[in-house]
Amino acid sequence: MSSATQELRTETGRRAQAPDPAQYRPGRTITDWTPEDPSFWRTTGRRVATRNLWIAVPALLVAFVVWQVWSITATNLKDVGFGFSRSQLFWLTAVPGVTGGTARILYTFLGPMIGQRRFTAISTVVLIGPLLWLGFAVQNPDTPYATMIAIAALCGIGGANFSSSLANIGFFYPKREKGNATGINGGLGNLGVSVVQLLTPILITSSVPAIGAGQRKADGSQIYLQNAAFVWIPVLVVLAAVAWFGQNDLKVASTPFSRQKVIFKRKHNWLMTWLYVGTFGSFIGFAAALPLLIKTTFPAYPVATYAWMGPALGALARWAGGWIADKLGGARVTILSFAGMAGSIIGVISFLPAGSDQGSFPGFFLCFLLAFFFSGIGNGSTFRQIPVIFRGQHLKGLTEGTPQYAAALKQAEIESGAVTGFTAAIAAYGFFFIPAMFANFSVTGAMWGFVGFYVSCVAVAWWFYARKGAEAPS
């Protein structure tokens, strides 16, 4: 008898008894969780899942703030006396992508092992350290570049929270609502990118919450770059406490690494990773690079006015993408998103300055907004595809209601959660590669590379998931 079947029979025997209602209270570990049961979902499940979701959202949003804080901080460093080159500034915005992506791989598997309530609280508190260091470092223009790189790398850990958060929320919801739930969590969490880009220019001009001296710009005005870091520290403390006392650990989501590592043998783990690199990798990479891209390509236009709009649109579109994919099918929506992204980036290229042509900022910016919109749609649709694909693969040929069906369903849920986290981890490297490409290649050359990649994504999504007779319709 397989361990999964034996575990299932143990759970089935336990559920024959009435579940203890106390386990569904905040701060408890839930042992009986059956969201596909309409009666349970109506009376208990929806309420508990909703509470856990809306605690996860602000925690994830502020984690994204920490991850992206360098995208705006870097644009102000030269103005207050830091002698860094254009390439060095792009690298400061890129480095958090390396650590964020790498830590996401670890967080994908740690969350289910430790328990998501505990892990959400701990991973939120950890972010206080790099913000403290950043707040003091930006007050001294003589801070070495190596120190700034180290701080940027530690801030990148904030991006790792996404993998554990999305995988956890997926366990709480039934199949028919997974796309919408992960769209809300991921989409509103992604809003942290636009929040930091919108609020940082406001925060650094105010002396009220500042700790330490301000920095003088060349025009004589004073700013307080440390506010970009210090203002979020009390927020992190509160959110960690709310997660610890308000969320739940799900026993069904508690999974040893031995049960999760099988995803590395699954072809569709790698195919969906390729697609999510195209959607989320583009979203987070463009969000990191756009402020400096505006400042260096169209310097007459203020970064603070425009940079936050694209990430905000992409984050909200993610919510819509998950909802639309629940209705129309994830693969179709994913293909639409890549076609839209390719067309949008071709538009961006056409409006860039070239030779004596000064380009067109309105056209450039509008096309970038469209690229963000389509990337957000694709973020939502790809995450809807993952559980559908793995359910289809595991349940093929099995009869509903049998022990084999139930055991396969549970393994599908485990693998879906792990694949969700892993694809998000690899896609986070877009945060690094896109600014790095702008730092080392021409903007136009980098953009054409993105277009070619999107074409490959359309081909993968159509062949494996959307065409008639596809291997894994989703």
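Every value quoted in this text rests on a predicted model; they were computed, and no experiment measured them.

What counts, and where the lines are drawn
- Note on numbering: residues in each chain are counted from 1, in written sequence order.
- This being a predicted model, a pLDDT of at least 70 is required before a residue's local features are given, and a value of 80 or more before pairs of side-chain atoms are given or counted; all residues contribute to the totals for chains, interfaces and linings.
- Based on all heavy atoms of the structure, the side-chain values leave hydrogens and waters out of the count.
- Salt bridges are counted wherever a side-chain nitrogen of Lys or Arg sits within 4 Å of a carboxyl oxygen of Asp or Glu.
- Under the DSSP-based scheme used, a helix requires at least four consecutive residues in state H or I and a strand at least two consecutive residues in state E, with every element numbered from the N terminus.
- Fitted lines through C-alpha atoms serve as axes, helices being fitted only where they are in contact, and the angles separating the N-to-C directions of these axes extend from 0 to 180 degrees.
- Two helices cross in a left-handed way if the nearer one is turned anticlockwise from the farther one by less than a right angle. They cross in a right-handed way if the turn is clockwise.
- The contact criterion used is simple: two residues touch if any of their non-hydrogen atoms lie within 4.5 Å.
- In this count, Pro and Cys sit with the nonpolar residues alongside Ala, Val, Leu, Ile, Met, Phe, Trp and Tyr, while Asp, Glu, Lys and Arg are called charged and the others, Gly among them, polar.
- The patch calculation keeps residues exceeding 30% relative accessible area without a salt bridge and links them within 9 Å when they carry like charges or within 5 Å when they are nonpolar (Val, Leu, Ile, Met, Phe, Trp, Tyr).
- Using the Shrake-Rupley algorithm and a 1.4 Å probe, accessible areas are obtained, with residue cover drawn only from the displayed protein chains.
- When the centres of two rings from Phe, Tyr and Trp lie within 6.5 Å, Trp using its six-membered ring, the rings pair. Their planes under 30 degrees apart give stacked, over 60 give edge-to-face, and anything left gives tilted.
- Accessibility here uses a 1.4 Å probe with only protein chains present; expressed as a share of the type maximum, an area under 20% marks a residue as buried, one over 50% as exposed, and anything in between as partly exposed.
- Two thresholds decide whether a charge sits over a ring: the Lys NZ or Arg CZ must be within 6 Å of the ring centre and within 35 degrees of the ring normal.

A.B. asks: Could you give an account of the pattern of salt bridges, with specific residues and numbers?
C.D. replies: Enumeration according to the criterion identifies 10 salt bridges in this entry. Across the pair Asp326 and Arg384 runs a salt bridge whose closest N-O atoms are separated by 3.4 Å. In this pair, Asp326 is assigned in helix H14 (residues 309–328) and Arg384 in helix H16 (residues 361–395), connecting sequence segments 58 residues apart. Each of the salt bridges in this network shares a partner with another, and the network as a whole consists of Glu36, Arg391 and Glu413.

A.B. asks: Lay out the packing of H16 against helix H17 (residues 403–427) in plain terms, naming residues and giving numbers.
C.D. replies: For the pair H16 and H17, interaxial distance at closest approach is 8 Å and the crossing angle is 145°. The two elements H16 and H17 cross, and the hand of that crossing is right-handed. For the pair H16 and H17, contact is made by Phe383, Ile386, Pro387, Phe390, Arg391, His394 and Leu395 and by Tyr405, Ala408, Leu409, Gln411, Ala412, Glu413, Glu415, Ser416, Val419, Thr420, Thr423 and Ala424, respectively. In terms of residue class, the contact of H16 with H17 is made up of 11 nonpolar, 5 polar and 3 charged.

A.B. asks: Help me get a handle on a nonpolar patch on the surface, residues and values and all.
C.D. replies: Taken together, the side chains of Met113, Ile114, Phe257, Phe264 and Trp270 present a nonpolar region at the surface, about 450 Å² in accessible area. Along the chain, the position of Phe257 falls in helix H11 (residues 257–260).

A.B. asks: Give a description of the side chain of Ser337 that names residues and reports values.
C.D. replies: One can find Ser337 in helix H15 (residues 330–350). The residues touching Ser337, leaving out its near neighbours within four places in the chain, are Thr279, Phe374, Ile377 and Gly378.

A.B. asks: Can you lay out the packing of aromatic side chains for me, pointing to particular residues and giving the numbers?
C.D. replies: The geometry of an aromatic ring pair comes down to the distance between the two centres and the angle between the two planes. Tallied over the full model, the rule gives 42 aromatic pairs. With centroids separated by 5.3 Å and ring planes inclined at 75°, the aromatic side chains of Phe364 and Phe368 adopt a geometry described as edge-to-face. Taken as a pair, Phe364 and Phe368 lie in helix H16 at a separation of 4 residues, close to a single helical turn. Exposure remark for Phe364: the relative accessible area of 0% places this residue in the buried category. Centre to centre, the rings of Phe373 and Phe374 are 5.3 Å apart; their planes meet at 75°, and the pair counts as edge-to-face. With relative accessibility at 31%, the residue Phe373 sits in the partly exposed group. The lysine or arginine in question, Arg117, covers the ring of Trp244, its NZ or CZ lying 4.7 Å from the ring centre. Between the NZ or CZ atom of Arg318 and the centre of the ring of Phe383, over which it lies, the distance is 4.9 Å.

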